[in-house]
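Here's the letter readout for the chains.
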Amino acid sequence: MAVTLSMLCGDTEQKYGLELIAGKAGMNALVRWVHTLETEAVQPFLRGGELIVTTGIGHSDTAWLDSFAKALKSSGAAGLAVLVGAHIPEVPESVTSYCEREAFPLFAMRDETKIPDMTCELCRRITGMEKHDSAVGDALRSVMTEPVTLRSHSRFLVREGFSDDSRYSAVAACVISDTGEAVDASAAAESVGVRSAVINMKSRSAVFTSKGILTAVCQNCTAEEVKLLCERIKGAEQGRTFIGVSESVQGLAGISRAYEQAEAAMISSLLSDTGCTLYKNIGIMKLILGVRDRAVLRAYVNETLGKLRAYDSEHDTDLAHVLRVYIENNGSVNEVAAIEKVHRNTVNGKMRMVKELLGDDLGDVRKSGLHIAFLIDDVLRVYDEKLNTLGKA
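Residues numbered from 1 in each chain as written. Predicted model: local features only at pLDDT ≥ 70, side-chain atom pairs only at ≥ 80, totals over all residues. Heavy atoms only, no water.

Caption draft 1: Looking closely at the packing of helix α13 (residues 319–328) against helix α14 (residues 333–340). Across the interface, α13 lies against α14 with an axial gap of 9 Å and an inter-helix angle of 125°. In terms of orientation, α13 lies oblique with respect to α14. Between α13 and α14 the crossing geometry is right-handed. For the pair α13 and α14, contact is made by H321, V322, V325 and Y326 and by V333, V336, I339 and E340, respectively. Here the contact of α13 with α14 is built from residues that sort into six nonpolar, one polar and one charged. (Axes fitted to C-alpha atoms, helices over the stretch in contact; angles between N-to-C directions. Helix = DSSP H or I, 4+ residues; strand = E, 2+ residues; numbered from the N terminus. Parallel < 35°, antiparallel > 145°, perpendicular 65-115°, else oblique. Left-handed = near helix turned anticlockwise from the far one by under 90°. Contact = heavy atoms within 4.5 Å. Nonpolar A, V, L, I, M, F, W, Y, C, P; charged D, E, K, R; others polar.)

Caption draft 2: Just helix α9 (residues 223–235), in detail. Counted at 1.5 Å a residue, the expected span for α9 with its 13 residues is 18 Å, and the 18 Å between its end C-alpha atoms agrees. When we look at burial in α9, the residues that qualify are E225, V226, L229, C230 and I233. End-on, the buried residues of α9 take up no more than an arc of 135°, which puts them together on one face. More than 90 degrees from the buried face of α9, the exposed residues found are A223, E224, K227 and G235. (Expected span 1.5 Å × (residues − 1). Buried < 20%, exposed > 50% of the residue type's maximum accessible area, 1.4 Å probe, protein only. Arc of directions from axis to C-beta.)

Caption draft 3: Layout of the layout of surface pockets. Roughly 300 Å³ of internal volume is contained in the second largest pocket. Of all the elements in the fold, those that place two or more residues in the lining of the second largest pocket are α8 (192–199) and α9. With four residues, α8 is the largest single contributor of residues to the lining of the second largest pocket. A class-by-class count of the residues in the lining of the second largest pocket yields 12 nonpolar, seven polar and three charged. (1 Å grid on protein atoms, 1.4 Å probe; cavity = no way out; pocket = protein on both sides within 12 Å on 5 of 7 lines; lining within 4 Å. Points joined across faces, edges and corners; volume = space filled by probe spheres on them.)

Caption draft 4: The pattern of salt bridges, seen in detail. Tallied over the entire structure, the rule returns 20 salt bridges. Of the charged contacts in the structure, one is a salt bridge between D377 and R309, with a shortest N-O distance of 2.9 Å. Placement of the pair is D377 in helix α16 (residues 364–385) and R309 in helix α12 (residues 294–315), with a sequence separation of 68 residues. Of the residues examined, R309 reaches a relative accessible area of 31% and is grouped as partly exposed. Among the charged side chains, a network of salt bridges with common partners joins R309, R324, E328, D377, D378 and R381. (Salt bridge = Lys/Arg side-chain N within 4 Å of Asp/Glu carboxyl O.)

Caption draft 5: Structural detail: the side chain of Q261. Residue position: Q261 is located in helix α10 (residues 255–272). Taking the relative accessible area as the measure of exposure, Q261 reaches 7% and is therefore buried. Of the polar contacts made by the side chain of Q261, one reaches the backbone nitrogen of E247; its length is 2.9 Å. Residue contacts for Q261: discarding those within four places in its chain leaves S246, E247 and Y279. (Polar contact = N/O pair within 3.5 Å; in protein donor to acceptor, adjacent residues only side chain to side chain.)

Caption draft 6: Here's a closer look at unusual backbone geometry. Unusually for a residue other than glycine, N220 sits at a positive phi of about 50°. Mapped onto the secondary structure, N220 falls in the loop between β9 (213–219) and α9. Not every positive phi belongs to a glycine, and N330 is a case in point at roughly 55°. Counting through the fold element by element, N330 comes out in the loop between α13 and α14.

Caption draft 7: Region of the structure containing the nonpolar core. Counting residues in each nonpolar core, the largest one holds 65 residues, and the members touching the most others are L140, F162, I255, L323, M351 and V354. Residues within four places of F162 in sequence aside, it is in contact with V136, L140, L157, Y168, R204, S205, A206, Q219 and L252. Membership of the second largest hydrophobic core comes to 23 residues, among which are A22, L65, L80 and F104. (Core = buried A, V, L, I, M, F, W, Y, C linked by side-chain atoms within 4.5 Å.)

Caption draft 8: Inspection of the packing of aromatic side chains at higher detail. All told, the structure shown has one aromatic pair when counted by the stated rule. With a centroid separation of 4.9 Å and an interplanar angle of 50°, the aromatic rings of W64 and F68 are classed as tilted. Here W64 and its partner F68 are both found in helix α3 (residues 64–74), four residues apart, which amounts to about one turn of the helix. Across the pair, F68 and W64 agree in class, each one buried. The cationic tip of K70 hangs over the ring face of Y98; the distance from NZ or CZ to the ring centre is 5.8 Å. Against the face of Y383 rests R294, its NZ or CZ located 3.8 Å from the ring centre. (Phe/Tyr/Trp six-rings, centres within 6.5 Å; stacked < 30°, edge-to-face > 60°. Lys NZ or Arg CZ within 6 Å of the ring centre and 35° of its normal.)

Caption draft 9: Structural detail: the pairing of β9. With respect to burial, β9 is a largely interior element, seven of its seven residues being buried. Burial along β9 is two-sided: I213, T215, V217 and Q219 facing one way and L214, A216 and C218 facing the other are all buried. Here strand β6 (residues 167–176) pairs with β9 via six bridges, running antiparallel. Residue pairing for β9: A170 is matched across the bridge by V217. Pairing between strand β8 (residues 206–210) and β9: five bridges, direction antiparallel. Bridging from a neighbouring strand, A206 pairs with V217 of β9. Remark: two residues form the turn of the hairpin made by β8 and β9, two consecutive strands paired antiparallel; K211 in that turn has positive phi of roughly 55°. (Pairing = 2+ DSSP bridges.)

Remember, this is a structural readout, not a statement about activity or role.
So, in structure tokens, the structure goes:
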């Protein structure tokens, strides 16, 4: 699982003399690496989640530690370990008070000979735990995309804290760049904020990417935990982020269904241009996105709209577009004319051509079928123009 300071430094006081002197409330912070730093200009050297070790070399007094601690905190460091010795005789009270007030873990270390051994071991622990976390993600990814593999992964997942008696929710998120293309969400999935939100959930949960889409599997999570996670995902964006959240499902066997729901809600979020969408609120899109064979969807669109599309292509007209606006505005010619900024007679003329091509029957049932075809076409466009670039074809 992802590593917190509490997990990483549980035995370091006895083994290396690393004593926590302030900021205990922040020990659940995610730590990604251990790094030695002696300069107040910390920004170029940090990516977030580092435990910083400093000896004070190059400084004539300890006044710099105040701004140093504040800069580390604002840059997302996980904590600060100060070597108390020749260069820093004692940690200033102002630094201790700041770290306690800001829940920023502050450690004191009094044996400089142990620094290389400690940093080496802690980094080795972090690497090992991250590899283990990756194995959990691989197992969950397999169960989501190929449910038949559950039997081969269930023992491992149960051993890792994923109970078959629990309820699970899934979150799926894609990142769209400023150019309108989907980009790999790995950076968001690996961000300290997102991983912290997952690791601090009450029950064992996980976050990883599946073919470029950020995916979280949340066990027995509350609505507040899911909301925080979604906020952290948005905060880690490198473009516009669209999020889908599944309903709660029972047991490990339900994880694949939860992911399908989350992905469907994510696509609905893309279509409606909203930041986060719950599966329970996507209406008829449940039926459309429940069809996994896209060839079936393409065939329906072609059978329903093919004649109009062919006519528009051959004659440079917009009959399919006008028909959609007409359907979405309850068949009101006046509304269509206002939206398209044309005379109502122009709309009537185009609708006569539509009826000639499709047949005179544009009753409620037929219009519903046409509306569904337009919605399917939207979904297929999302896959073709965005998600296929992430290997979703």
